[in-house]
Amino acid sequence: MSEQDNYSDWQKPQGGYSGSQKPGASYTGGGTAASKPTVATNTPKLGPGKIGSKVLSKGVIIWSLRSAKPANYAAVIIIFSPDNTYRGKTITFLQAVSGKSRTEIDVLTVGRRGNTKDDFEPFYGADWDNTKRIWVPESTTSGARNQPGGKNDPNAYLYDEPAVFPGQIKMFESVVVIPETMEILGAISWGLKGRKNGVKLILPDQTKDVSDGPTAGFLVALDKFYKEASTPGPKPSRVERYDAILDGFPAHVGGAENAVVLTDAHKKKLDAVALNLKETKIPRVRVSIGGFADATEMDPSGTSEARARAVYDYLVVAGVPKEKIIIAGFFGAAWAWYPPTESRNRRAQVRVHLIN
């Protein structure tokens, strides 16, 4: 693996991967030279960066891991520069974390720690702006770039500050995805081991830890992420993220009026959610709703809004107080679950959770 002890030779490819390197080779710094990557300037005890890069079949992945001493965290930067085929598309990251007993999709991104925003969305480096109805950069306190690739800058950036306790080992797998199609562009595995006076970096092996696709463990974790919880309710430790997924809406084409109408099966799931919310005595409990469509439908954004509002209205009629309901987003066709045009993308997702 290519490593350096400082940032003096870092170059960020501004125009995307040109396709001139062979897949599997180390990236040698092509593209326009730019400033070194921004790191957390408010953490002066960060150690030297361990930097590497690799050309994959769909672009270049570049990484930097820095341990903090004597603190128990690391600063991680991952950049994916796509080849010309994917330039201009929204590109971001999903991340899985593995501990002693399980692997799960890591939703507690650096931009969501310490605030009241629920982790309804799983993406690293991207937040949903429901006013503009687009993916926007995720905030960080460090000032580091943490943003999706798109029209203005084709490169996708992930910044994270994971922590471990002394003796604890955490393994991470960061996977580059296009949210609109869920196409995977690359993956990298890395990890941390906690020490008494800091952390030990578990650096990726270029041969086996950096590749075009994720591990089987990541795919299993992603499948569990989208499974409905066996019973509704705010359980932060579960790997199933949603209490109800209402999918299979007819496509909204040609004025199909039933494209946003809840089915009996949908209503049965929502009845269970409403009962849980009414019986729960925890004041901080809330329910978040997201609406979705696929790209073949008429007005995907408006259709996704209508589906989310149908869920909202049903829960209110079922007795859920309005102040306990949060609209997480009208995502249109911007966040696929399956390949485009599958009926399971025409859905609403419902999550019961606690607020800070």
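Residue numbering note: each chain is counted from 1, following its sequence as written. Two thresholds apply to this predicted model, a pLDDT of at least 70 for residue-level local features and 80 or more for giving and counting side-chain atom pairs, whereas whole-chain, interface and lining totals are computed over all residues. The side-chain numbers reported here are obtained from all heavy atoms of the structure, hydrogens and water having been left aside.

**What to know about the overall build of the chain**
Consideration 1: Of regular secondary structure, the chain possesses four helices and 16 strands.
Consideration 2: Under the scheme applied here, a residue whose accessible area is under 20% of the maximum for its type counts as buried, over 50% as exposed, and between as partly exposed, the area being computed with a 1.4 Å probe on protein chains only. Each of the 356 residues in the chain was classed as buried or not, and the buried ones make up 50%.
Consideration 3: Areas reported here follow the Shrake-Rupley algorithm with a probe of radius 1.4 Å; residue values treat only the protein chains shown as occluding. Roughly 15,600 Å² of accessible area belongs to the chain as shown, and the carbon and sulfur atoms make up 52% of that amount. Secondary structure elements are defined from DSSP: runs of H or I of at least 4 residues count as helices, runs of E of at least 2 residues count as strands, and each element is numbered from the N terminus.

**Considering the nonpolar core**
Consideration 1: We define the nonpolar core as a collection of buried residues of types Ala, Val, Leu, Ile, Met, Phe, Trp, Tyr and Cys that are connected through side-chain atoms lying within 4.5 Å of one another. Ranked by size, the top nonpolar core spans 28 residues in total, and within it Ile-105, Trp-135, Tyr-226 and Trp-335 carry the most contacts.
Consideration 2: For this core, the secondary-structure elements that each account for two or more residues are β4 (92-98), β6 (126-129), β9 (169-178) and α2 (216-225).
Consideration 3: Residue contributions to this core peak at four residues, all from α2.
Consideration 4: Core analysis: the second largest hydrophobic core is formed by 26 residues, Ile-61, Ala-156, Val-164 and Val-199 among them.

**Topic: the confidence of the model for the chain**
Consideration 1: Across the chain, each position has a pLDDT score giving the predictor's confidence in that residue, from 0 to 100. Looking at the chain, pLDDT values average 85 and 84% of them are 70 or higher.
Consideration 2: When mean pLDDT is compared element by element in the chain, strand β12 (residues 210-211) scores highest at 98, while strand β11 (residues 198-202) scores lowest at 93.
Consideration 3: Residues count as neighbours in contact if any of their non-hydrogen atoms are within 4.5 Å of one another. Predicted confidence for residues 1-24 stays below pLDDT 50, and this span has 79 contacts to residues more than four positions away or in other chains.
Consideration 4: Taken as a whole, residues 26-44 scores under 50 in pLDDT and shows 43 contacts with residues more than four places along the chain or in a different chain.

**So, unusual backbone geometry**
Consideration 1: One non-glycine residue, Arg-133, lies in positive phi territory at about 60 degrees.
Consideration 2: Inspection of the secondary structure puts Arg-133 in the loop between β6 and β7 (134-137).
Consideration 3: According to the relative accessible area criterion, Arg-133 is partly exposed, its value standing at 26%.
Consideration 4: Of note in the backbone geometry, Met-182 takes a positive phi value of approximately 60 degrees without being a glycine.

**Re the sheet that holds strand β13 (residues 244-246)**
Consideration 1: Pairing in this open sheet of four strands is mixed, and the strands run β13-β16-β14-β15 from one edge to the other. Pairing within the sheet leaves two strands with one partner each, and these edge strands are β13 and β15 (325-330). Going from strand to strand, the sheet's axes swing by 20 degrees on average, the running direction of each strand aside.
Consideration 2: As a rule, the C-alpha atoms of each element are fitted with a line to give its axis, helices using only the stretch in contact, and angles between N-to-C directions run from 0 to 180 degrees. Where helix α3 (residues 264-279) meets the sheet, it contacts β13, β14 (285-291) and β16 (348-354), and its direction lies at approximately 155 degrees from that of β13. Strands pair, by our definition, only if DSSP identifies at least two bridges between them.

**Considering the pairing of β11**
Consideration 1: In this sheet, β11 lies alongside strand β10 (residues 183-195) in antiparallel orientation, the contact comprising five bridges. When the bridges of β11 are listed, Leu-192 appears paired with Leu-201.
Consideration 2: Linking β10 to β11, which pair antiparallel, is a turn of two residues.

**A look at the sheet that holds strand β2 (residues 59-67)**
Consideration 1: Pairing in this open sheet of four strands is antiparallel, and the strands run β1-β2-β3-β8 from one edge to the other. Of all strands in the sheet, those with a lone pairing partner are β1 (50-56) and β8 (156-160), marking the two edges. Across the sheet, the axes of successive neighbouring strands diverge by a mean angle of 10 degrees, strand direction being ignored.

**So, helix α4 (residues 300-317)**
Consideration 1: Multiplying 1.5 Å by the helix residue count minus one yields the expected span of that helix. In this model α4 runs 26 Å from its N-terminal to its C-terminal C-alpha over 18 residues, within 8% of the 26 Å that 1.5 Å per residue would give.
Consideration 2: Those residues of α4 lying buried are Thr-303, Ser-304, Arg-307, Ala-308, Val-311 and Leu-315. For α4, the arc enclosing every buried residue in end-on projection is 135 degrees, short of the 170-degree limit, so these residues lie on one face.
Consideration 3: The inward-facing, buried residues of α4 abut β13, α3, β14, β15 and β16.
Consideration 4: Gly-319 sits one or two residues past α4 and shows a positive phi near 105 degrees. Directions drawn from the helix axis to the C-beta atoms are what define this arc.

**Re the side chain of Asp-106**
Consideration 1: Assignment of secondary structure puts Asp-106 in the loop between β5 (103-105) and β6.
Consideration 2: We classify Asp-106 as buried; its relative accessible area is 11%.
Consideration 3: Of note is the side chain of Asp-106, whose polar atom sits 2.8 Å from the side chain of Tyr-124.
Consideration 4: Not counting residues up to four positions away in its chain, the partners in contact with Asp-106 are Gln-95, Ala-96, Val-97, Pro-122, Tyr-124 and Phe-172. Polar contact criterion, stated in full: a pair of N or O atoms within 3.5 Å, where within protein one must be able to donate a hydrogen and the other to accept it, and residues adjacent in sequence count only if both atoms are side-chain atoms.

**Description of the pattern of salt bridges**
Consideration 1: We define a salt bridge as a side-chain nitrogen of Lys or Arg found within 4 Å of a carboxyl oxygen belonging to Asp or Glu. Counted under the stated rule, the structure contains eleven salt bridges.
Consideration 2: Of the charged contacts, one joins Lys-227 and Asp-223 as a salt bridge, the two residues approaching to 3.7 Å between their closest N and O atoms.
Consideration 3: Among the ionic pairs, Asp-243 bridges to Arg-238, the shortest N-O distance being 2.8 Å. For the pair Asp-243 and Arg-238, one class covers both residues: buried.

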